[in-house]
Amino acid sequence: MTDWIFRGDYATVPVNLATLLLGLLLALLCGQMLAWVYMLTHSGLSYSRSFVNSLVVMPILVALVMQVLNNNLVTAFGLMAVFAIVRFRNILRDTLDTTYVLSVIVVGMACGTQKYTTAVVGCAVVVTVLVALWYTSFGSRHRYDVLLNLHWARPLTELMDLNRLLNRHSLKAHCASQRSNEGYEGTDLSYRLLLRNTERVEDLLRELRELNGVSRVTSLKAEDESEL
């Protein structure tokens, strides 16, 4: 049985198992490097753990796609047709869902083109990586307790009063977003806060509403930054 798995490619050009494994492992390492850089440098409000996981898995899948295609123009057109059908029939809102769809398509194509070794080894590598990402919660960032949104009506040069209040309640305050609109005066601000005492959120909100120039104060508990 084992011998059949490792010598199971009946395509025109059988796969070299050592080359296949080297390519998949190199793709995994490069994907992880890019994912770590993204995690360390991301500063916006749209952080997504599933997107980070996809950055790890996608290079492996693309490497598998190139192994399956192997300069075969007919197979390449077949892959485009399959993707067009999936995209037309489904709207995938989660990048990790897209990764799973791509995984089953690549494995199916490998089996359909008689590259059984590529299908078995590639599927095993992808499954191992996906389970490892899930088990280790790779990509999660929980560095803040609260996401705070407010409108600042005073000039930005007078933000010192607001910063003093935030620093009194938090160990770390990061301004994640700053937006102004020509339709009304003032600036919309978003802060991520690491609180000194998580039980005093209501006190913080009350003091913010009493501060001159602050309005439309809302807060969201940061259970996991991937949900923000």
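Residues numbered from 1 in each chain as written. Predicted model: local features only at pLDDT ≥ 70, side-chain atom pairs only at ≥ 80, totals over all residues. Heavy atoms only, no water.

A. Just the nonpolar core, in detail. Counting 29 residues, the largest nonpolar core has Leu24, Val56, Val57, Ile60, Val126, Val129 and Phe138 as the members making the most contacts within it. By residue number, the principal contributor to this core is helix H3 (residues 49-69), which donates nine residues. Non-local contacts of Ile60, meaning those with residues more than four positions away in its chain, are made with Leu24, Ala27, Leu28, Val125, Val126 and Val129. Grouped together as the second largest cluster of nonpolar side chains are 19 residues, Leu159, Leu189, Tyr191 and Leu205 included. (Core = buried A, V, L, I, M, F, W, Y, C linked by side-chain atoms within 4.5 Å. Buried < 20%, exposed > 50% of the residue type's maximum accessible area, 1.4 Å probe, protein only. Helix = DSSP H or I, 4+ residues; strand = E, 2+ residues; numbered from the N terminus. Contact = heavy atoms within 4.5 Å.)

B. Region of the structure containing the sheet that holds strand E4 (residues 214-221). If you walk across this open sheet you meet the four strands as E2-E3-E1-E4, and the pairing is antiparallel. If you trace the sheet from one side to the other, it starts and ends with strand E2 (170-180) and E4, each paired once. The sheet shows a mean angle of 20° between the axes of neighbouring strands, taken without regard to direction. For E2 and strand E3 (residues 187-195), the ladder comprises nine bridges, and the chain directions are antiparallel. What sits directly across from Ser180, in E3, is Thr187. Where helix H7 (residues 160-169) meets the sheet, it contacts strand E1 (146-152), E2, E3 and E4, and its direction lies at approximately 145° from that of E2. Taken strand by strand, helix H8 (residues 201-210) contacts E1, E3 and E4, and its axis lies near 165° from that of E4. (Pairing = 2+ DSSP bridges. Axes fitted to C-alpha atoms, helices over the stretch in contact; angles between N-to-C directions.)

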